[in-house]
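If you want the building blocks of each chain, they are given just below.
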Amino acid sequence: MALIGVFDSGIGGLSILDEALRQLPEHNYIYLADSLHAPYGERSSEWIAARSLELCRYLSSQACDAIVVACNTATAQAIAHIRSELSNIPIIGVEPGIKPAALQSSKGIVGVLATEATLKSDKFNALLETLPSSCQFIKQAGAGLVPLIESGQANSEETLGLLAKHLEPIQDAGADTLVLGCTHYPFLRKAIRKLLGDSINLIDTSDAVVRQLKRKLEHLNQAPDRQQHGSITFISSKDAQALLSMSQELMQSDLSRHTLAWQLECNI
Ligand code: DGL
């Protein structure tokens, strides 16, 4: 079985890990949350690039067979550099699903909620350029949302209030599709539904990311043994026990089927 490293600025990448456990439960995982430094989304490009590479080097030193950069912000700012520095293992990134959103939107009006660093990145803007100009994208930075989610307040009144403000321009433009362009935001689904109702189509790319991981593992001849459930080691730069309990609270997967460990790692 493969050892797969998954990292995010915090708990957002758990939305990707959850999908990975659904599709590929037999592998072993290290989930690395850099919660001490979250949020990344309002930091400089240079800082995000250097820190993301540092964390991937750490995962590689733990003998990971593949790494998932489960963070749109880190992917946007750093993935090319990470791939060139760690060319011996597959590095899978995550990008806002603006392409499927453009295809699925019947009105051609799409909201994109992502971090400021993702929205201003060259990578995101280059992807945007490839899409038909007939589709209108309303881009909105979700400032302040990640710290609320990190502190377990995905459904609090404060989060609802802030989210309502961020969603207003998207709602006013008449968008029928909303891209969840940050891996923390799938944990806001309930709050978004409360504010926008059931008719808006929510796009998150975790399924596509995990399918890509699966293809890369097949390439490495890591044949699945679907009978087994692998181990998960939760590593946090801030509070490993809090990370474990947030995982149990936020993820749909039955974590009791996996061997769990957790670890505080302050010196990465
Ligand atoms: N979860 C991250 C993303 O997908 C980063 C959020 C943050 O730290 O600002 O963009």
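Each remark here, short or long, concerns the structure printed above.
Asks: I'd love a proper account of the pattern of salt bridges, names of residues and values included.
Replies: Inspection of every chain in the model, using the stated rule, returns seven salt bridges. Across the pair Arg51 and Glu54 runs a salt bridge whose closest N-O atoms are separated by 3.1 Å. Here Arg51 and its partner Glu54 are both found in helix H2 (residues 45–61), three residues apart, which amounts to about one turn of the helix. The exposure class assigned to Glu54 is partly exposed, which follows from its relative accessible area of 40%. Two residues, Glu95 and Lys123, come together in a salt bridge whose shortest N-O distance is 3.7 Å.

Asks: Account for the sheet that holds strand S5 (residues 109–114), naming residues and giving values.
Replies: With respect to topology, four strands assemble into an open sheet ordered S6-S5-S7-S8, the strand pairing being parallel. With partners counted over all chains shown, the strands left at the sheet margins are strand S6 (136–141) and strand S8 (201–203), one partner each. Averaged over neighbouring strand pairs, the angle between their axes works out to 20° when direction is ignored. Pairing between S5 and strand S7 (residues 177–180): four bridges, direction parallel. Residue pairing for S7: Val112 is matched across the bridge by Val179. Set on the sheet, helix H8 (residues 157–172) makes contact with S5, S6 and S7; between it and S6 the angle comes to about 160°. Where helix H9 (residues 189–196) meets the sheet, it contacts S7 and S8, and its direction lies at approximately 155° from that of S7.

Asks: Quick one: what's the story with helix H3 (residues 72–85), residue by residue and with numbers?
Replies: With 14 residues, H3 should reach 20 Å at 1.5 Å per residue; the first-to-last C-alpha distance of 19 Å fits that figure. Along H3, the helix axis deviates most sharply at Ala78, where the bend reaches about 70°. Where H3 is buried, its residues contact strand S1 (3–8), H2, strand S3 (66–69), strand S4 (91–92), helix H5 (116–119) and helix H6 (122–129).

Asks: I'd like to hear about the environment of Glu116, residue by residue, with values.
Replies: For Glu116, the position within the fold is in helix H5. For the pair Glu116 and Gly142, spaced 26 residues apart in sequence, the C-alpha to C-alpha distance is 7.4 Å. Non-local contacts of Glu116, meaning those with residues more than four positions away in its chain, are made with Gly41, Glu42 and Ala141.

What counts, and at which threshold
- Residues numbered from 1 in each chain as written.
- Predicted model: local features only at pLDDT ≥ 70, side-chain atom pairs only at ≥ 80, totals over all residues.
- Heavy atoms only, no water.
- Salt bridge = Lys/Arg side-chain N within 4 Å of Asp/Glu carboxyl O.
- Helix = DSSP H or I, 4+ residues; strand = E, 2+ residues; numbered from the N terminus.
- Buried < 20%, exposed > 50% of the residue type's maximum accessible area, 1.4 Å probe, protein only.
- Pairing = 2+ DSSP bridges.
- Axes fitted to C-alpha atoms, helices over the stretch in contact; angles between N-to-C directions.
- Contact = heavy atoms within 4.5 Å.
- Expected span 1.5 Å × (residues − 1).
- Bend = angle between axes of the 7 residues up to and from the residue.

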